[in-house]
Amino acid sequence: MRPGRQRHLTLTCSVTGAVIVALDGTVLTITQPALQRDLHASFAQVQWTSTGYLIAVAALLVLAGRLGDRYGHRAVFAAGTLGFAATSAAIALAPDIGWVIGLRVAQGIFGALLQPATLGMLRAAFPADRLPMAIAVRSSAIGLAAAAGPLVGGALTAHFGWRSVFLLNVAPALAIGVAALAVRVPAPRSTGTGTGIKAGGRTARLGLTGACLLASALACLVHTLVELPRTGWTVGTALGLTATVAAGGAFVQHQRVAIHPLIPRQVLASRTLTAALAVLLAASAAMFGALFVGSYFLQEVLALDPLQSGLRVLPLAVMMVVAAPVTAVLLRRQGPRRTALAAMALVSLGMVLLAGAERSAASPAMAGAFLLLGAGFGTVMVTATAVVVQQASSDDAGVSGGLKQTIVNIGPALGIALATTSITLVAPGLAGDGAARWTAAAFGDAMGPTLLLLAGVAALGVPAALRLPSRAAADPVSRT
């Protein structure tokens, strides 16, 4: 197969795989009330259809990336997409809520397999000068899927029921899974600088002990962050945080002494890569915390329905789509450092504008704030992803992509937990059905300080952005 066609096929598979995962998450939110009624489930059980999936994904992303580095990203991607298709079809046929929860956990495992592979395949197929635009196309597609998800999910649920939502991804997942198996893409040349594939073809061990410790730490962390907004600080959340610290400490110690660590030492030793991850963590936590605050305000305070609320937030999604290709050009002309600093400024300014916006649905300041947030966060996503993928050697592209995807999953949960804790401290509300409830006046008083706090969280990413390269990074392979 000619290199041009190979790249186009790889990009198609990568984009489609990323879109499937993004669409799955956004459409499910809309279908949960119908699923709850049809299966006679409790609120807590329905929440676990999301929580179980999120825990499985976050816990296994780094290991999935390591598998891709060892056995090839194409094979791992095919296994992930085909498994994702199979579990989606099975959920559509599930007889009760217990089956749905169990299958969603299984779907999370397959989702963890395919996500790092979408970046690893791009890293192997595209040269350094073309990689940022390929990542921009992928990011634009994710933004478009996230925006279209609630509309698509609402239409399908209204006309065909909640089960149809899970059938939506089956055909495209099967198609790209089979395509990835059928097309023989040459494996990238090993640089000998990573530990995924050793020089001379000898493979390193996977580091399963480290994988179990990291999975335990991430599972406890995500579970605690998800439960915290729902229940507040309880014995359960305190124990979850303690378990996170204990498992995380054990993982760090194991990484220091292991002959074959899960995360190659040269990956964590890269100041550029860790800086990109820190920027992404700060931006995603601030962004999704603000989105939670804005969505709650629109639906619970202004009493808008989900569709009306989605239309108010639509400028954010549109700007994420528009910002992606523009960022690819900025990276080439201005470099990652200046691009990231400008993006963090937009995110912080959007928070400040949203904090001072008039508390009405037609507020032009609120629309402008969502525009700034979308432009800033879309730019951060493309910049951080490009730096992470380009800085990693071919041998460690998967594990680096797994780290990036882990941040993308943890950041939003952290931001929502921070936002909820801040609002509860400023405006204590009543606990009802496991979720915090605030009066409109109390929430309005707490909204401004909470958004300013989140602006401060975004600002924490500025020192990390200053550590990014001033110019676009060269392909590590080309330097060997």
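**A look at the confidence of the model for the chain**
Here comes step 1: Looking at the chain as a whole, its pLDDT mean stands at 83, while 89% of the residues score no less than 70.
Here comes step 2: For the chain, the element scoring lowest by mean pLDDT is strand 1 (residues 430-432), at 43; helix 16 (residues 461-465) scores highest, at 94.
Here comes step 3: Note that pLDDT drops below 50 for residues 430-436; the model gives that stretch ten contacts with residues more than four away or on any other chain.
Here comes step 4: Note on residues 474-480: pLDDT under 50 across the span, and 17 contacts to partners over four residues away in sequence or across chains.

**Quick notes on the pattern of salt bridges**
Here comes step 1: In this structure the tally under the stated criterion is two salt bridges.
Here comes step 2: The salt bridge partner of D24 is R104, with a shortest N-O separation of 2.8 Å. In this pair, D24 sits in helix 1 (residues 3-39) while R104 sits in helix 4 (residues 97-125), placing the two residues 80 residues apart along the sequence. Residue D24 shares its accessibility class with R104, and that shared class is buried.
Here comes step 3: Put simply, R163 and D38 hold a salt bridge, and the shortest N to O gap is 3.9 Å.

**Comments concerning the layout of surface pockets**
Here comes step 1: By volume, the second largest pocket amounts to about 630 Å³.
Here comes step 2: L218, L221, L281, I407 and I410 are, among the 27 residues lining the second largest pocket, the residues nearest its centre.
Here comes step 3: Elements represented by at least two residues in the lining of the second largest pocket include exactly helix 8 (208-231), helix 9 (235-257), helix 11 (271-301) and helix 14 (397-426).
Here comes step 4: Here the lining of the second largest pocket gets eight residues from one element, more than from any other, and that element is helix 14.
Here comes step 5: For the lining of the second largest pocket, the class distribution of residues is 22 nonpolar, five polar and no charged.

**A short note on the environment of F126**
Here comes step 1: You can see F126 is positioned in the loop between helix 4 and helix 5 (131-160).
Here comes step 2: In this view, F126 contacts R7, L11, L131 and A134; residues no more than four positions away in its chain are not counted.

**As for the nonpolar core**
Here comes step 1: L262, I263, M351, L373, F443 and L451 are the most contacted members of the largest nonpolar core, which totals 74 residues.
Here comes step 2: Breaking this core down by element, the ones donating at least two residues are helix 2 (43-71), helix 8, helix 11, helix 12 (306-355), helix 13 (364-391), helix 14, helix 15 (440-459) and helix 16.
Here comes step 3: In terms of residues, this core owes the most to one element, helix 11, which gives 16 residues.
Here comes step 4: L451 has contacts with A290, V293, M351, L354 and A355, leaving out every residue within four places of it along the chain.

Each value, and the rule that gives it
- Residues numbered from 1 in each chain as written.
- Predicted model: local features only at pLDDT ≥ 70, side-chain atom pairs only at ≥ 80, totals over all residues.
- Heavy atoms only, no water.
- pLDDT = per-residue confidence, 0-100.
- Helix = DSSP H or I, 4+ residues; strand = E, 2+ residues; numbered from the N terminus.
- Contact = heavy atoms within 4.5 Å.
- Salt bridge = Lys/Arg side-chain N within 4 Å of Asp/Glu carboxyl O.
- Buried < 20%, exposed > 50% of the residue type's maximum accessible area, 1.4 Å probe, protein only.
- 1 Å grid on protein atoms, 1.4 Å probe; cavity = no way out; pocket = protein on both sides within 12 Å on 5 of 7 lines; lining within 4 Å.
- Points joined across faces, edges and corners; volume = space filled by probe spheres on them.
- Nonpolar A, V, L, I, M, F, W, Y, C, P; charged D, E, K, R; others polar.
- Core = buried A, V, L, I, M, F, W, Y, C linked by side-chain atoms within 4.5 Å.

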